[in-house]
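Notes for the structure review
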Amino acid sequence: MSQITPRPSLRKISSYIPGKSIESVRREFGLKEVIKLASNENPLGASPKAISVYRKASKDCFLYPEGSSPELRKALAKFHKAPQESILIGNGSDEIIRLFCEAFLDENQEALTSQYAFIRFRQQSMMMGARIIEVPMKNWKLDLEAMAGALSERTRLIFIPNPNNPTGTYNSQKELEKFIRHLPPAAILILDEAYYHYARLEKDYPDSIPLWALRLPNVAVLRTFSKAYGLAGLRVGYVVSNPEIVGWLDRIRMPFNVSLPAQRTCIAALQDARFVSKGVSLNLKEKMFLEKAFSRLGFEVVSSACNFIFAKSPIPGKELFQKLLKRGIIIRPLDEYGLPFYVRTSIGRRPDHLKLLRSLESILK
Ligand SMILES: Cc1ncc(COP(=O)(O)O)c(C=O)c1O
């Protein structure tokens with residue numbers, strides 16, 4: 001037996017289970033054609049303008065990037081009408097979730113979130129030895145009233161994914177305004193808005209950066225280039241918050257956390273609003289199509305404000321996942337969330353959906 005001992009808090013967490021990759025399914029099942037609807041990636045790929053910048057920038061890959069991504073921060077500052085010091089760029093918003101935990105959580109302190117909230121909040125908070133409080137959901141939505149009741153003098157971070165992955169539900173501006181009235185001054189509210197571009201079609205969805213992140217001392221908003229911008233593989237996300245909070249995160253950020261091609265490509269992606277709205281419109285159309293088709297097949301579909309469908313399956317989620325894998329379709333079972341009958345399916349393009357529906361019909365008949 002080895003004498004190696006990790007920090008005790010590491011024994012309580014397990015590795016993140018990502019969506020299965022196309023390559024691994026090709027290898028495992030000897031399939032040529034594989035459809036991935038498991039990680040909420042953009043079915044349109046990335047903006048051609050952004051890809052062209054990426055190609056040009058790739059010739060500079062021998063250079064270290066500028067560590068704090070100043071040009072991208074400048075572009076985002078202009079985009080959000082925010083001071084540059086209130087923005088930090090991360091290696092995906094995932095890195096920023098981790099930075100928040102490393103900077104602000106310790107043993108005997110608490111992070112507050114919801115049952116079935118994006119699983120990274122729990123893993124990263126527990127890594128720091130902090131206690132994670134997960135307040136039960138109400139109708140698959142975060143119950144912000146109950147969460148306000150769970151705040152304590154030990155609360156340091158509050159994670160509100162809006163909308164949430166995997167449930168796809170969101171909380172309204174009014175609900176959040178009420179919650180924010182209870183926000184203790186020593187706690188930071190982190191609004192994780194990975195699916196912002198899809199959710200903003202909802203009338204009562206808040207424009208949280210001008211409303212709160214730029215006005216209040218302890219609210220942070222996370223956004224990502226992985227979804228509507230179609231750049232998940234580049235790993236870029238950002239936070240907008242009070243410069244004091246951003247400053248603490250910056251102290252512990254890896255020195256060169258975002259590559260130079262990634263920084264430049266995101267600037268181009270940010271400027272291609274047409275690409276984003278094309279993807280959002282396609283998503284809306286395909287979401288309505290899939291929600292109806294899933295319901296017809298006996299799934300209980302929860303209304304989604306995202307680019308994925310969350311639904312109760314007529315058979316255990318893992319069984320459905322395995323059967324679809326053999327047919328070259330990857331979806332996401334949700335056992336790791338304690339939801340063995342639920343699945344999450346990313347919204348893609350119509351031909352992929354037709355193939356998925358044909359397979360579901362034959363599996364469930
Ligand atoms: C709610 C939520 N937050 C954060 C992330 C992480 O995104 P990224 O690290 O790609 O920016 C995801 C990814 O799926 C997500 O669903």
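These numbers were taken from a predicted model, which means no experiment stands behind them.

Cut-offs applied
Residues numbered from 1 in each chain as written. Predicted model: local features only at pLDDT ≥ 70, side-chain atom pairs only at ≥ 80, totals over all residues. Heavy atoms only, no water. Pairing = 2+ DSSP bridges. Helix = DSSP H or I, 4+ residues; strand = E, 2+ residues; numbered from the N terminus. Axes fitted to C-alpha atoms, helices over the stretch in contact; angles between N-to-C directions. Buried < 20%, exposed > 50% of the residue type's maximum accessible area, 1.4 Å probe, protein only. Arc of directions from axis to C-beta. Contact = heavy atoms within 4.5 Å. Domains from an automatic or database assignment. Buried area = accessible area lost by both parts, 1.4 Å probe.

1. Side note on the sheet that holds strand β12 (residues 332-334)
With antiparallel pairing, the four strands of this open sheet are ordered in space as β9-β10-β13-β12. Every other strand in the sheet has two partners, leaving β9 (300-302) and β12 as the edge strands with one partner each. Strand-to-strand, the axes of this sheet are offset by a mean angle of 30°, without reference to chain direction. Across three bridges, the pairing between β9 and strand β10 (residues 308-312) is antiparallel. Bridge assignment links Glu-300 to a residue of β10, and that residue is Lys-312.

2. Section: helix α7 (residues 173-181)
For α7, every residue scored as buried is listed here: Leu-176, Phe-179 and Ile-180. Along the axis of α7, the buried residues cluster in a sector spanning 100°; they form a single face. Seen from the buried face of α7, the exposed residues on the opposite side, beyond 90 degrees, are Lys-174 and Arg-181. Check the buried side of α7 and you find it contacts α6 (144-149), β5 (155-161), β6 (188-192) and α9 (208-213).

3. Considering the domain arrangement of the protein chain
Domain annotation for the protein chain reports domain 1 (8-45 + 274-364) and domain 2 (48-272). Computed over C-alpha atoms, the centres of domain 1 and domain 2 are 24 Å apart. Facing the 33 residues of domain 1 at the interface are 32 residues of domain 2. Of the roughly 2800 Å² buried where domain 1 meets domain 2, counting both sides, 66% is carbon and sulfur surface. For domain 1, the biggest contributors to the area lost against domain 2 are Val-276, Ala-305 and Tyr-337; these three give 23% of the whole.

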